[in-house]
Each structure stands twice: as structure tokens, then as C-alpha cells.
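# Residue-level structural notes
Listed here are the chains, written in short residue letters.
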Amino acid sequence: MDRMLIDGGVTLNGKVKVSGAKNSILPLLFSTLLAKGKHRFTNVPKLADVDSALKLLQELGASYSWEGNSLEVVTNDLTSNEAHYDIVRKMRASILCMGPLLARTGSASVSLPGGCAIGSRPIDLHLEAFQEMGASIENKSGYIIATAKPLKGANILFDITTVGGTENVMMAAVLAEGSTTIENAAKEPEIIDLAEYLNKMGANVVGAGTGVISITGVKELKPATHEVVPDRIEAGTLLIAGAITGGDVEVLDCRPKDIETLIHKLRESGFKVDEGEDWVRVFPNKSWKAVDITTAAHPGFPTDLQAQFMALMTVAQGTSVISETIFENRFMHVPELVRMGAQISLDGNKAVVEGNSILEGAPVMCTDLRASAALVLTSLVANGKTRIQRVYHVDRGYEGIDKKFFDLGAKIKRLNEPME
Ligand code: UD1
């Protein structure tokens, strides 16, 4: 079981490249189920979640091969339509195979994801939408069994903006009979990336990136080639790493417009941040002021950067209020940050963060992906050594993050130690 050992107090400096987006490649991989043949993706991050998605595709009858960060997926005849508990429990995004399977084969059986560290995260909105498209849904022995012959276009209005729900419906609708409209659709950059790939395959998707997406079903799709968008959450995490250590860090191969809200908040806090078309740079700063953030669906402040921003606020001047509106229970990092000397109190979905904390290295435990990124950031500025356990959470979503931080000057080591 890998751990990370970080010796804090080092300023990070230099240039660092961002990998492809985890939250883009996952739906893209499931979209391969829609068209027989050879799909090719470049700029694919090598992550534990990508391995889980590939394992699931393999169980459904697909095959794949890597060449560096390029990935070829072949989806000829599918041999199964079942996503088993073993994979779904590890990666909730497995639910995204349901739309494409329903569209291509008329049926899908997907294990219920169950509880998750950052809240209950139901899939009711996905299922209601499929029902509106003519699917019948049954819950049997922990599995959701969906059948639809044929799947029909419908007007879907989501009560809550859901990224996964929007993606699942998009993938179902491209091969459905007739037209589908998704209202209150998610506007995340990953939705646009998926729409681009679906359209490259011959689909007719209009309006991705806005609140209303219109899809006209087609009879057949053909595989295509696609470059995965840069990971905006990784870009934001690296930028905050530069900021929190008072360093000069330039993040390359990213899309600053995808993290405008973070950049705006960093500037409000007192950081000088420069940006170009595909790079963003944070300049050294000795003292920054506390600012409040409220997470929201894109283009609001991303919930996936909330924990990392909180780490930055623990050493800001003053008190900040961090409100989490997307997921309940997404403050699992708070007790660990407190163990390192942060002063944070929780009140429902708000965290009140007192700045000016003297942070000390400590043994800490990762609880979920973004919480673990916050622990790494805090360790970089804490006095002394921090030993981070359960780093497999980090590996789910950050490609070679320890090497990237090491190259920027961090004293960071990965240890392979037996579980205590
Ligand atoms: C995706 C991202 C995740 C990010 C989240 C919000 C991927 C693989 N994951 O997750 O990193 O944190 O968007 O930006 O892209 N909800 C329901 N019923 C449903 C579906 C969702 O109530 O059927 C609720 C959720 O509990 C949550 C909110 O809607 O409160 C938003 O969730 P959603 O956008 O669906 O998140 P994911 O797609 O799971």
C-alpha cells in the first residue's frame, strides 16, 4: 500500500504540464460502446479510474491497447451488458455505461453504486430520464436493470444540474428514435468534450456548454479519433500548490478559461496571476487575504477544488467561509487538516476557516480524491514531515502527481509500506 512522505516548507518553482482530464476520458471511454470498431484517444491520463473503466469495457466485450498516453479501444461485438458491483463500487462513474448500452443493445444491468465517501450521490435523475425515454427500470438484487426497445427521444428537465446525468442522457439520445432536449443541462467543459466526440462519430448534438442541449438521434455511429481536454482540476490544484508555497509556478497545456473562477478568487486574495491561451502562472506572494467561496455547477467555483482552496485559506490573513452546495459531507478533509494545526469549524454546509495557522506535519489519511489533494498541498507548507496514508485516492485522479511536485522542488517521496 503506497504512502507519501512530504517534508514541508519548500517553495515550488518552475513549469509543469497538465494531463488529460479524468472527468472527460471516463465518459469518452463509455461512449465507445455506441459504435463498433476502433476508437482512438490521445492525451489520456494514466489513472486508476481509467484502468477501472477499461476493465469494465473489457468485461462488456471490448479490447484496448496503450501506446504512451494514446489509447485505442475496439468495441466490436459486445458480449455482456452487465456492470458488476466489484467495479461500480470502486468507481461511481461506471453508471455512465448505462446510456450507451441501452442505446446500442436495448438493455443494461448496472450494480447500484451504493454509498460514497462524499455523500449519498444518488442516480435517480439518470433513471428518471431513461424512463422518460421509454426504458423500463427494475431494481433486482442490488442491480438496476434497464430495458428499452426502442429508446425514444424525450424532453428531459433535470431538477438539479447533474454532470453524469447529462452525459448519460446524451449518450443514450444519440442513437434513440427522434429528438431529445435536455434542459438545465450541466455546462462543464467535459460535457462539451463528450459532445465533440459524439459529433465526430456522426451524432447530432447541439448546445453542449449551454443549459439546453438538443440531440437528434441517428441510426448508426462510426468510431473516431479525439484528443482529451486538459484536466482543469489538476491545473487548479497545481496553481494552488504554487500559491500556497509562495512560489512561481507556470501551469502549461491547460485551458485557463476553464478555471476562471479559481483565477478570479486567487486574484481577489492578492495573488498576481497571468494567463495565456494554454498556460497560467501564479507569482510569489508572502501574504494573502482570506476570501469566501461557494461551490456551484460550472462556471461556478468547482466543488472538486473546494478542499484544495480550503488548504490555501488555512494560511491566509483573516477568516474565510467556504460553502459547499453540491455534495453533502464533502468536508472529510477538515478533521485531517485540523490535526495538522488548521483552525476550521463546521456549521452544516459551511466551513469557517481561521487563517494564519501554524501547520505541523502529522500522519494523515486520505478519504477521497480531492480531500487527498488538499492534504498534499497542506503538507507542502507544514513544518516537518507529513506521512499520507491511502494515497490510492490521489492515484484515482492525478497522473504522476508526486513526480510533478518533485520536479517543482517539493521534498516528496512515495513509499510502499505494509498496512498498519
Ligand atoms: C461529476 C464529477 C465529479 C464532480 C461532480 C460535480 C465525473 C466522473 N465526476 O460527478 O468529479 O465533483 O460532477 O461537479 O465527471 N444527483 C442526484 N441524483 C442524480 C445525480 C446527481 O441527486 O441522479 C445530485 C448529486 O448527489 C449531487 C449533484 O446532483 O448533489 C451533482 O452531482 P453530479 O453532477 O451528477 O455529479 P457526478 O456526475 O457524480
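Structure first, text after, so check above.
In this report, we go over the structure that sits alongside the text. (Residues numbered from 1 in each chain as written. Predicted model: local features only at pLDDT ≥ 70, side-chain atom pairs only at ≥ 80, totals over all residues. Heavy atoms only, no water.)

## Comments concerning the overall build of the protein
Looking only at helices and strands, the protein has 14 helices and 24 strands in total. Relative to the compact-globule value of 22 Å for 420 residues, the protein shows a C-alpha radius of gyration of 21 Å, a close match. In terms of overall dimensions, the protein has C-alpha extents of about 60 × 40 × 40 Å along its principal axes. Considering only contacts in the protein between residues 6 or more positions apart, those separated by 24 or more positions represent 73%. As displayed, the protein offers around 16,200 Å² of accessible surface, 49% of which is attributable to carbon and sulfur atoms. Across the protein, the centroid of the 43 positively charged side chains sits 3 Å from that of the 51 negatively charged ones. (Helix = DSSP H or I, 4+ residues; strand = E, 2+ residues; numbered from the N terminus. Rg over C-alpha atoms; globule rule 2.2 N^0.38 Å. Contact = heavy atoms within 4.5 Å. Areas by Shrake-Rupley, 256 points an atom, 1.4 Å probe, with all protein chains shown as cover. Lys, Arg positive; Asp, Glu negative; His and termini not counted. Charge placed at Lys NZ, Arg CZ, Asp CG, Glu CD.)

## Focus on the site of the ligand
Near the ligand there are 19 residues, and of these Asp124, Leu125, Thr162, Asp304 and Ile326 occur at the shortest range. In the model, an oxygen atom of the ligand is placed 3.0 Å from a nitrogen or oxygen of the Asn23 side chain. The contact in question runs from an oxygen atom of the ligand to an N or O atom on the side chain of Thr162, over 2.7 Å. Burial of the ligand by the surrounding chains reaches 87%, relative to a free accessible area of 740 Å². The set of elements that each furnish at least two residues to the shell around the ligand consists of helix H5 (124-132) and helix H6 (163-173). It is H5 that contributes the most residues to the shell around the ligand, three residues altogether. (Near = heavy atom within 4 Å. Polar contact = N/O pair within 3.5 Å; in protein donor to acceptor, adjacent residues only side chain to side chain.)

## With respect to the nonpolar core
Counting residues in hydrophobic clusters, the biggest one holds 71 residues, and the most contacted among them are Leu29, Phe30, Met170 and Leu198. With near-sequence residues (within four places) excluded, Leu198 lies in contact with Ser31, Leu34, Met170, Met171, Val174, Ala203, Val205 and Leu221. (Core = buried A, V, L, I, M, F, W, Y, C linked by side-chain atoms within 4.5 Å. Buried < 20%, exposed > 50% of the residue type's maximum accessible area, 1.4 Å probe, protein only.)

## Remarks on the pattern of salt bridges
Under the criterion given, the structure shown has 20 salt bridges. Across the salt bridge formed by Lys22 and Asp49, the nearest N and O atoms sit 3.7 Å from each other. With Lys22 in helix H1 (residues 22-31) and Asp49 in helix H2 (residues 48-59), the pair connects residues that are 27 residues apart, well separated along the chain. A salt bridge links Arg330 to Asp304; the shortest N-O distance between them is 2.8 Å. Taken together, the residues span a long stretch of sequence, with Arg330 in the loop between strand S19 (319-323) and helix H11 (333-339) and Asp304 in the loop between strand S18 (293-294) and helix H10 (306-313) at a distance of 26 residues. The two residues Arg330 and Asp304 agree in class, both being buried. (Salt bridge = Lys/Arg side-chain N within 4 Å of Asp/Glu carboxyl O.)

## What about the sheet that holds strand S6 (residues 82-83)?
Spatially, S6-S7-S9-S8 is the arrangement adopted by the four strands of the open sheet, whose pairing is mixed. Among the strands making up the open sheet, the edge pair consists of S6 and strand S8 (136-140). Strands in contact with helix H4 (residues 98-105) are strand S7 (107-111) and strand S9 (143-147); relative to S7, the strand with the most contacts, it is inclined by about 155°. (Pairing = 2+ DSSP bridges. Axes fitted to C-alpha atoms, helices over the stretch in contact; angles between N-to-C directions.)

## As for the packing of aromatic side chains
For the structure on display, the rule yields three aromatic pairs. Here Phe271 and Trp288 contribute two aromatic rings whose centre-to-centre distance is 5.0 Å and whose plane-to-plane angle is 40°, an arrangement assigned as tilted. Linking Phe271 in the loop between helix H9 (260-269) and strand S16 (273-275) with Trp288 in the loop between strand S17 (279-282) and S18, this pair joins segments that are 17 residues apart in sequence. Assigned by exposure class, Phe271 and Trp288 land together as buried. Seen in terms of ring centroids, Phe301 and Phe309 are 5.4 Å apart; in terms of plane orientation they differ by 70°. Their pairing is edge-to-face. Look at Phe309 and you get buried, because its relative accessible area is 0%. Cation over ring: Lys272 sits above Phe283, and NZ or CZ is 4.6 Å from the ring centre. (Phe/Tyr/Trp six-rings, centres within 6.5 Å; stacked < 30°, edge-to-face > 60°. Lys NZ or Arg CZ within 6 Å of the ring centre and 35° of its normal.)

## Some words on a negative patch on the surface
Residues Asp124, Glu128, Glu132 and Asp159 make up a contiguous surface patch of negative charge. Relative to the assigned elements, Glu128 resides in helix H5. Using a relative accessible area of 39% as the deciding quantity, one classes Glu128 as partly exposed. (Patch = residues over 30% accessible without salt bridge, like charges linked within 9 Å, V, L, I, M, F, W, Y side chains within 5 Å.)

## Here's the deal with unusual backbone geometry
Omega for the peptide link from Lys149 to Pro150 comes to 0°, which places this bond in the cis form. Mapping Pro150 onto the fold places it in the loop between S9 and strand S10 (155-157). For the bond running from His298 to Pro299, omega is 10°, close enough to zero to count as cis. At Asn43, a residue that is not glycine, the phi angle is positive and equals roughly 60°. Its place among the elements puts Asn43 in the loop between strand S3 (38-42) and H2. The exposure class assigned to Asn43 is partly exposed, which follows from its relative accessible area of 26%. With phi around 50°, Ser141 is a residue other than glycine that occupies positive phi space. If you trace the backbone, Ser141 turns up in the loop between S8 and S9.

Nothing here speaks to function; it is all geometry.
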